[in-house]
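The lines below spell out each chain.
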Amino acid sequence: MKSTVIPKIALGVAVVALIAVIVAMFIPRSADGTAVAPPSILAQKQLTAVALEFANQRGATYSGTVTSGSDKINLDGVEVTASGDLRGTIKIGGESADIIGVNRQTYAMGSAGFWKAQLENPKMNYEAVAGGWAALDPATFPDLGLLLAPPALGLALGNDNSSLDMAAKGPATGLIGTPDERFTPAALPDIVEEDDGTLVAGGTLRSTVVDGTDTLATVVGPLDQPGGAVIDVDLTVESLEPGEIAGIYDAIDEQAATLAHIPAPYLNPNFDESGFRLSVAPAPCSPPVCEYIVTYVATTPGTSAPGSITIVGDMTLTLNDRPVGGTCTHTVVIPLNGRGDTRCAFNVPNEDGTLKGDVSYVFTAYLDQDPGVLTRALAANEHVSTAEPTGVWTPAGFKGSAGSRDYNLQVTGINSTYTYVVGGQTFDGRAADGTLLAAFGPGYSENIGSDGSLSSSWDGTDIMIAAAKAQTGAAGNSPVRWVFAESDAAAATVKTLEDAGVSGVEVVTVPAV
């Protein structure tokens, strides 16, 4: 067992029937002694039924708008699977593009005008990107797959950060005594049903259903995102059938070879160290031929991923301020963080004067990935989105600290008020490929002992060991992954589990955003 660091990007032992508990806590009595549930509890019960029905869908089609900051994205029949993979059409600022998405990366096929509307870089070769698939910037373009996968959207309908009083804590549940312990709510939720049947959570997130059913029809309002960001949606929703899910994966799989070497126009390499020199420097050139070496040096901030840059350049000369020798057009391919040379020879007049050179260029940056790895990921994701689920989404208490709640959302895409229950054991969520997830936010580092493992004097150590044993025993053939915000806590947990003879848990680090 080893701890793995992954660049940026609960566990109760028994299932708690939380909604029943909440209802029991808040049911008043009528004058004749008959129990009467408060309207907010009745509304929450209905909204929970809607949320769970939608969370268990294999996929859904969305039309409407998604607004992130000042950017409004129009969705036209965007299909999203339970694993968060997608295809469809979007429009931004009047420019349309087809999109596909896999493993939390979205790709678009649009015109040069579409890409110019997304990016303002005079050195970008927009024409080389136009008409083919290219990667959208994951730092600025919303992760539609994570946002709109049915489990993520369905379990966000409660708008928990606004509808629940997180300071009003009832009994603790889950990993009691750890930074990720949960609490049952001790106050009524801010959820109401309006006269027309619209369910409003936290005063801002509005959901409607198909008449007479618990089937979600529309969602309007803000959706919380990791790091405190908020995305506003105004969407109509329609569930997909398993056969339609297969069609999505067939369409994405057809592009696997293309996606293996894909333009990434949002990357902005720095070429400040580039330049040119005479090939026989420092000696002067010997007319009629002057040969120059053009060197391109790129540093690409924000990525250590494999990839390359294709540069199309033109070098020209002037002698005494008049053009000579024509134009040397060249194409050079260099690593994203690397260098490359080309040679340009010019015929120049044999006369005295000042010889000056100039190089202009445009570039296209590409990211590379193994097509076999991509194909296998698509197969795993399709299986999760079409096969019978291994577990069931279940209401749970909220995690006690804002940091742990936000990290839970970052890692799983799901609010901490729900867990995924498999074999009677709770997990914080499920990855696109079916891996069962547990999210461990900030606060574990302070419980590391002098030997580098979790401290034996900390009550949470035995609780963590017991949870690992219970989860691996219940998971069956599904992998189990524990995700930590703190690398030292991850390493300490690996040592603790190894010392306890517990295997079958992959422990990784994903820094909190």
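Below or above, wherever it landed, is the structure these notes cover. All values derive from a computational prediction rather than experimental measurement.

Some points on the packing of aromatic side chains
(1) Moving on: Enumeration over the complete set of coordinates arrives at twelve aromatic pairs.
(2) Moving on: Look at Tyr-296 and Tyr-361: their rings are 5.7 Å apart centre to centre, the planes differ by 80 degrees, and that puts the pair in the edge-to-face class. Pair noted here: Tyr-296 is in strand 17 (residues 289-298) and Tyr-361 is in strand 21 (residues 355-368), with a separation of 65 residues, a long-range link. Exposure class is identical for Tyr-296 and Tyr-361. Each is buried.
(3) Moving on: Centroid distance Phe-440 to Tyr-444: 5.6 Å. Interplanar angle 80 degrees. Geometry classified as edge-to-face.
(4) Moving on: Residue class for Phe-440 comes out buried when judged on its relative accessible area of 0%.
(5) Moving on: Each member of the aromatic cluster is reached from another via a ring pair, and the members are Phe-440, Tyr-444, Trp-458, Trp-482 and Phe-484.
(6) Moving on: Looking at Lys-123, its charged tip hangs above the ring of Tyr-361, at a distance of 4.4 Å from the centre.
(7) Moving on: One cation-aromatic arrangement involves Lys-169 over Phe-183; the distance from NZ or CZ to the ring centre is 4.8 Å.

So, the sheet that holds strand 3 (residues 71-81)
(1) Moving on: On the basis of which strands lie adjacent, the open sheet formed by eleven strands has the order 7-6-5-4-3-2-14-13-12-11-10 and antiparallel pairing. Unpaired on one side and paired on the other, strand 7 (133-135) and strand 10 (191-193) mark the two borders of the sheet. Across the sheet, the mean angle separating the axes of adjacent strands is 20 degrees when strand polarity is ignored.
(2) Moving on: One ladder, built from four bridges, connects strand 12 (residues 205-209) with strand 13 (residues 216-224); its direction is antiparallel.

What counts and what doesn't
- Residues numbered from 1 in each chain as written.
- Predicted model: local features only at pLDDT ≥ 70, side-chain atom pairs only at ≥ 80, totals over all residues.
- Heavy atoms only, no water.
- Phe/Tyr/Trp six-rings, centres within 6.5 Å; stacked < 30°, edge-to-face > 60°.
- Helix = DSSP H or I, 4+ residues; strand = E, 2+ residues; numbered from the N terminus.
- Buried < 20%, exposed > 50% of the residue type's maximum accessible area, 1.4 Å probe, protein only.
- Lys NZ or Arg CZ within 6 Å of the ring centre and 35° of its normal.
- Pairing = 2+ DSSP bridges.
- Axes fitted to C-alpha atoms, helices over the stretch in contact; angles between N-to-C directions.

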